[in-house]
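Observations on chain architecture
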Amino acid sequence: MTFEMPQFALAAPEIWLGVMACVVLVADLFDRSKDSRIAFFLTQFTFVVAIWLALSTHWGEGVQHTFNGMYISDNLAGLLKASMAALAALTVGYSRDYLLQRDLLKGEFFLLALIALLGMFVMASAASMLILYMGLELLSLSLYAMVAFDRDSRVGSEAAMKYFVLGALSSGMLLYGMSMIYGASGSLIITEIAATAASGQNGLLLAFGMTFVLVGVAFKFGAVPFHMWVPDVYQGAPTAVSAFLGSAPKIAALALFLRLLVEGLGDLHAQWQLMAIILAVGSLAVGNLFALMQTNLKRMFAYSTISHIGFLFLGLIAGTDEGYAAALFYAISYGIMSAGGFGMIILLSRRGFEADMIDDMRGLNDRHSGFALVMLLLMFSMTGIPGTVGFYAKWMVLQALVEAGLVWLAVLAVVFAVIGAFYYLRVLKSVYFERLEDPMPIEAAMGTRAAMMGTGGVVLLLGLFPGALIAVCRAAFGL
Amino acid sequence: MIEKVIFYVFAGILLAAALLVITARNPVHSALSLVLVFFTSAALWLMAEAEFLGIALILVYVGAVMVLFLFVVMMLDINIAVMREGFSRYLPLGALVAVIMVLQMLLVIGAAGVDLSGFAEATNPALSETNNIRMLGNVLYTVYVYPFELAAMVLLLAIIAAIMLTLRRRGGTRHQDINKQVRTTKAERLRMVRMASEQKNEQ
């Protein structure tokens, strides 16, 4: 194997995150303040610079490979990274006051978030199965530790244990599939795997490996029937961690799917399409029907995540560039909505009171009409009502499905979306039509309030003017 | 011929020891079987002319990791009987599922007729050049520098996460506070009691 000097500049976002993780690690040691101020602001600064670096390095620079073909720089990588960094900044912003109120705040939280984002970045521009797996492990290991962050919480430890065991199982599945794909193609590099898949050589072995890979990816997404961990982990983890877990890593899972199953095994699309249809329909059905029965808001969001993942898979099933662009748009807009939903729980909670039941939303309109309006926007967006970003996400996916000739699937998706509307609207009923005897004023820090208002504003703004985000999502796939 | 015999002997020992790892009742026996597993796989690697990996396996896993593991097993008084309660109950069903899955997978792979032409032909360099360490060193920091550095990040993360999860002050644990011991005063430790002298009890 010949060696060429890598173009290190192309990996600037990853290098930045890696270096800053070390800087934060050391800086936090010398921070004597009780609230890990330095680690927090350094981390947020890192995220913001990472957005800029991702766009300036990858966007509009064409497709470039480096590190002996293991690293890819293209528009898709730029958009994925920028959106993941933005969502990480938002959710970490929510988390600070939550952790501070519960005496959980330690600099390591921000460090873990930084390294998790590094793992996501690595996945977003991985051009080799080895790199994909390394990125995935970086991400998952940080997430396991974050879920267990509250060591005194029994449900938290239980959630972390379940997440860890099932995550290890899914990693095993993924690795086994990768080893089979390696056996069939003789290479770990995605483009060479794509060449083998196109030539039809070792087709059955590739399909065998692909099946395991798809199972592993579905585990990471939390698609039915590999969804068992999602509700327990979302409910058991500290709400700040659930917010982080539910937003950016979903885009990373999409990156894993796109790099491995679309770019690598795109020629096997006909074979994974049917499996993906099963995953999508199962997720839509289980997610929406189980969410109907939940009284815990975090658990309801978990099941709603599952149903949204089903919708996201529909875009991938279409198998066209329009479909992939729709899935990407869906993942980004869902990340925003999910961060907002958990952010609202954080905003309403205080020390000793988690505000994670639907009943806790009662009378929110009397307590603060502005936040009630944000909740209205978030719930409308998750339902897919026009005027919010969620509408365009669903609309693009359905359009791609219909164009691909899968009308029955589109109809099914709409039916489940209507069923889903019930539980989102039930939350709004609590917010607007149920009154409290003595509405308590909301005590939350200014930062959390501002982030909440900002999230609501973004959901509305992207709902009214989605053109720009849709355009960049399409441009990422050369449309 | 003789090489094949040696291979199958080692492979057989390897599988038997691996089975013992998960079936042994005594956790110390499990750990010791694992040592045997590592040792035999190192021997297999040596046969495949991967000397460095074989030696590293023995040095790192047998020498360091497993010794530490044994210490942990001996220090933690794990009630293995409780952990294994469901083992025999679920064994038949689990074994059945596993056997069926392996059979299905074998059928698929068997039918596939694997074509290994994608792999470069294994070359056997002249004996003087087969220096594993040099070969690995040549590619580790050049061709594979990116995954290598990522592996370093994974290790750093593992350290951070492990320390974060375990290093904490918990109420109710018994530990020495040297500061407190040194700063203690007579008044805290010594209680003067005035009492009348006693007579020896008559028996």
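Keep in mind that what you see is a predicted model, and the values were worked out from it rather than measured.

1. Points about the overall build of chain B
- Helix and strand content of chain B: 9 helices and 0 strands.
- Helices (α) and strands (β) of chain B occur, in sequence order from the N terminus, as α-α-α-α-α-α-α-α-α.
- Sorting the 203 residues of chain B into buried and exposed places 19% on the buried side.
- In chain B, 61% of the contacts between residues at least 6 apart in sequence involve partners at least 24 apart.
- A total of about 16,500 Å² of accessible surface is found on chain B, and carbon and sulfur atoms cover 67% of it.

2. Brief notes about the packing of helix 5 (residues 129-147) of chain A against helix 7 (residues 145-166) of chain B
- Put simply, helix 5 of chain A and helix 7 of chain B touch, their axes get as near as 10 Å, and they point 10° apart. With respect to each other, helix 5 of chain A and helix 7 of chain B are oriented roughly parallel. Where helix 5 of chain A abuts helix 7 of chain B, its residues Leu130(A), Ile131(A), Met134(A), Leu138(A), Leu141(A), Ser142(A) and Ala145(A) lie against Tyr146(B), Pro147(B), Leu150(B), Ala151(B), Met153(B), Val154(B), Leu157(B), Ala161(B), Met164(B) and Leu165(B).
- Taken together, the residues of the contact of helix 5 of chain A with helix 7 of chain B break down into 16 nonpolar, 1 polar and no charged.

3. Quick look at the domain arrangement of chain B
- Looking at chain B, the domain boundaries give domain 1 (1-79) and domain 2 (133-167).
- The straight-line distance from the C-alpha centre of domain 1 of chain B to that of domain 2 of chain B is 24 Å.

4. A closer look at unusual backbone geometry
All names here are of chain A.
- Cis peptide bonds are those with omega within 30 degrees of zero, and the linkage from valine 224 to proline 225 qualifies with 5°.
- With respect to the helices and strands, the residue proline 225 is situated in the loop between helix 8 (203-221) and helix 9 (229-236).
- At asparagine 202, a residue that is not glycine, the phi angle is positive and equals roughly 55°.
- Tracing the backbone shows asparagine 202 in the loop between helix 7 (190-199) and helix 8.

5. Some remarks on the interface of chain B and chain A
- Listed by partner, the interface residues are 30 residues for chain B and 43 residues for chain A.
- Both faces combined, the contact of chain B with chain A buries some 3,200 Å², and carbon together with sulfur accounts for 79% of it.
- Scanning the region where chain B abuts chain A turns up 1 residue pair in polar contact (both at pLDDT 80 or more).
- Of all the secondary-structure elements, those providing two or more residues to the side of chain B that touches chain A are helix 5 (87-112) and helix 7 of chain B.
- The biggest single contributor to the side of chain B that touches chain A is helix 7 of chain B, with 14 residues.
- A breakdown of the residues in the side of chain B that touches chain A according to their chemical character gives 23 nonpolar, 5 polar and 2 charged.

The rules behind these values
- Residues numbered from 1 in each chain as written.
- Chains lettered and ligands numbered in written order.
- Predicted model: local features only at pLDDT ≥ 70, side-chain atom pairs only at ≥ 80, totals over all residues.
- Heavy atoms only, no water.
- Helix = DSSP H or I, 4+ residues; strand = E, 2+ residues; numbered from the N terminus.
- Buried < 20%, exposed > 50% of the residue type's maximum accessible area, 1.4 Å probe, protein only.
- Contact = heavy atoms within 4.5 Å.
- Areas by Shrake-Rupley, 256 points an atom, 1.4 Å probe, with all protein chains shown as cover.
- Axes fitted to C-alpha atoms, helices over the stretch in contact; angles between N-to-C directions.
- Parallel < 35°, antiparallel > 145°, perpendicular 65-115°, else oblique.
- Nonpolar A, V, L, I, M, F, W, Y, C, P; charged D, E, K, R; others polar.
- Domains from an automatic or database assignment.
- Buried area = accessible area lost by both parts, 1.4 Å probe.
- Polar contact = N/O pair within 3.5 Å; in protein donor to acceptor, adjacent residues only side chain to side chain.

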